[in-house]
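# An overview of the molecular structure
Each chain, written out:
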Amino acid sequence: MCIRDRGYTDPFLTNIKKSLSPIQFGNPAINDRVAVLRTHSGNDVFEMNTGKDDASQLRQIQTMNKRDYVTKEYAQYDGESVVKEVRSPWLKDVKLEGTDGLGFSPALKQKDSLTYFSYEFLRPIKLDFIENKHNAIEFLDVYRYKLNAQQFEPCSVEHTDNCKFYQSQPQGIWNLRPVQEIDIFVTKQNFLGAQIPTPVTIYTDSTKAEKVVANEAKDETYYEVEPLSGTLSSVQNPFQFNTILPETKFLDQAKDVYVPLVSYSRTYGASSQVLTDDFRDIKTLHEEKEVLPVAGYVLGAIFLVLAFLILLRVCALKISEVDPDEYYKAIYEFEKADKTKDGEVEDENEEDANKTNKNLLKEEDIVS
């Protein structure tokens, strides 16, 4: 399965591309496609596993632009022609992992973490299990996940994996400059969990300014997944794109200031009717899952009873085949050994010696 860039061709950019030749200082490398719900443009092609041979690989991203690591197509005009290059935007190659985020592998367990690949940020995003909850329909249990906190730590000895994403900013801030090629920084909505160096204000109108106040219930990312099938039940995925005003004495600004530009949010919530229609098979699977162990116990008990009856029959046949003399001889030897063990009889050699002495005494009496 291939996923191509989601966007539309902009007429204004198309006209610029066509009308401005290199002689007129135009740029033939300009991309006339404006991305929708993406932070970069291009024609990236993804291959996804269908799960046909291995259900655990369902919806897993396999390649991006025919490579097994994160890539991006870069285009530039060298003065003679447009040169295109597909390469990694990050410091090191970032291996592709995770699904498309619209579903996950089946048979999930609470100890499992989820990973989806973000087309917006060109990086895998990890989710941690936080709780088991009931959805709108009583029979449907879902697992709830939220963003892994370690992903938002700045590059350090303890978090070396984040160094390849150029995370030199304070905690809770992702650097998208390698992807956007301009200073764009991503945070959770309303800077939730971000250790920004200065207070940030937002202007609701021309006269009123308010401090940014984060609300975890609204500004955190949550995924709810039906664990048996891996089906997505609901999503709350808000992010915020920010730019930075560098420190400058001209504006009497002592520190860098992060300025919110736009919020991006992907949400999904299945209605009760949709859940009833789409997850009816899931309910059946749940019921079958509960019945299977009981059926297994019943079959196991029947097997044990049959095995015991067969064993008794075999033993009876073997006893009937034993020679009577051999049978009684075995019983005699057993009783004899048992008595010897309890000290009721003496050693056979001692008994034979006593008999010999008695015979000698009788011979002496006859002679005398």
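Analysis parameters
- Residues numbered from 1 in each chain as written.
- Predicted model: local features only at pLDDT ≥ 70, side-chain atom pairs only at ≥ 80, totals over all residues.
- Heavy atoms only, no water.
- Helix = DSSP H or I, 4+ residues; strand = E, 2+ residues; numbered from the N terminus.
- Buried < 20%, exposed > 50% of the residue type's maximum accessible area, 1.4 Å probe, protein only.
- Areas by Shrake-Rupley, 256 points an atom, 1.4 Å probe, with all protein chains shown as cover.
- Disulfide = S-S within 2.5 Å.
- Core = buried A, V, L, I, M, F, W, Y, C linked by side-chain atoms within 4.5 Å.
- Contact = heavy atoms within 4.5 Å.
- Polar contact = N/O pair within 3.5 Å; in protein donor to acceptor, adjacent residues only side chain to side chain.
- Salt bridge = Lys/Arg side-chain N within 4 Å of Asp/Glu carboxyl O.
- pLDDT = per-residue confidence, 0-100.
- Patch = residues over 30% accessible without salt bridge, like charges linked within 9 Å, V, L, I, M, F, W, Y side chains within 5 Å.

### Quick word on the overall build of the protein chain
Along the backbone of the protein chain there are 7 helices and 17 strands. Taken over 368 residues, the protein chain has a buried fraction of 31%. Roughly 23,800 Å² of accessible area belongs to the protein chain as shown, and the carbon and sulfur atoms make up 55% of that amount.

### Some points on the state of the cysteines
With the rule as written, the count across this model stands at 1 disulfide. At a sulfur-sulfur separation of 1.9 Å, the disulfide partner of Cys 155 is Cys 163. Judged by the sign of its S-S torsion, about 80°, the cystine formed by Cys 155 and Cys 163 is right-handed.

### Section: the nonpolar core
Counting residues in hydrophobic clusters, the biggest one holds 35 residues, and the most contacted among them are Phe 117 and Phe 239. Tallying contributions element by element places strand 16 (residues 231-245) first for this core, with 4 residues. Setting aside residues no more than four positions away along its own chain, Phe 239 makes contact with Tyr 116, Phe 121, Leu 147, Phe 152, Trp 174, Val 186, Thr 187, Gln 189, Thr 221, Val 262, Ser 263 and Tyr 264.

### Topic: the side chain of Glu 220
Here Glu 220 is to be found in the loop between helix 3 (216-219) and strand 15 (222-226). A distance of 2.8 Å separates the side chain of Glu 220 from the side chain of Lys 188, its partner in a polar contact. With sequence-adjacent residues up to four places away left out, Glu 220 is seen in contact with Lys 146, Leu 147, Lys 188, Leu 192, Asn 215, Gln 236 and Pro 238.

### Regarding the pattern of salt bridges
In this structure the tally under the stated criterion is 11 salt bridges. Across the pair Asp 100 and Arg 59 runs a salt bridge whose closest N-O atoms are separated by 2.7 Å. Of the two residues, Asp 100 sits in the loop between strand 7 (82-87) and strand 8 (114-118) while Arg 59 sits in the loop between strand 4 (46-48) and strand 5 (61-64), which places them 41 residues apart along the sequence. The closest approach of N and O atoms between Glu 224 and Arg 144, which form a salt bridge, is 3.2 Å.

### Some remarks on the confidence of the model for the protein chain
On average, residues of the protein chain score 74 in pLDDT, and 57% of them are at 70 or above. Ranking the helices and strands of the protein chain by mean pLDDT puts strand 8 first, with 94, and strand 1 (residues 2-3) last, with 39. The model gives residues 1-6 a pLDDT under 50, and that stretch makes 27 contacts with residues more than four places away or in other chains.

### Looking at a nonpolar patch on the surface
There is a patch of nonpolar side chains on the surface, built from Leu 299, Ile 302, Val 305, Leu 306, Phe 308, Leu 309, Ile 310 and Leu 312 and spanning about 810 Å² of accessible area. Relative to the assigned elements, Val 305 resides in helix 5 (residues 280-320).

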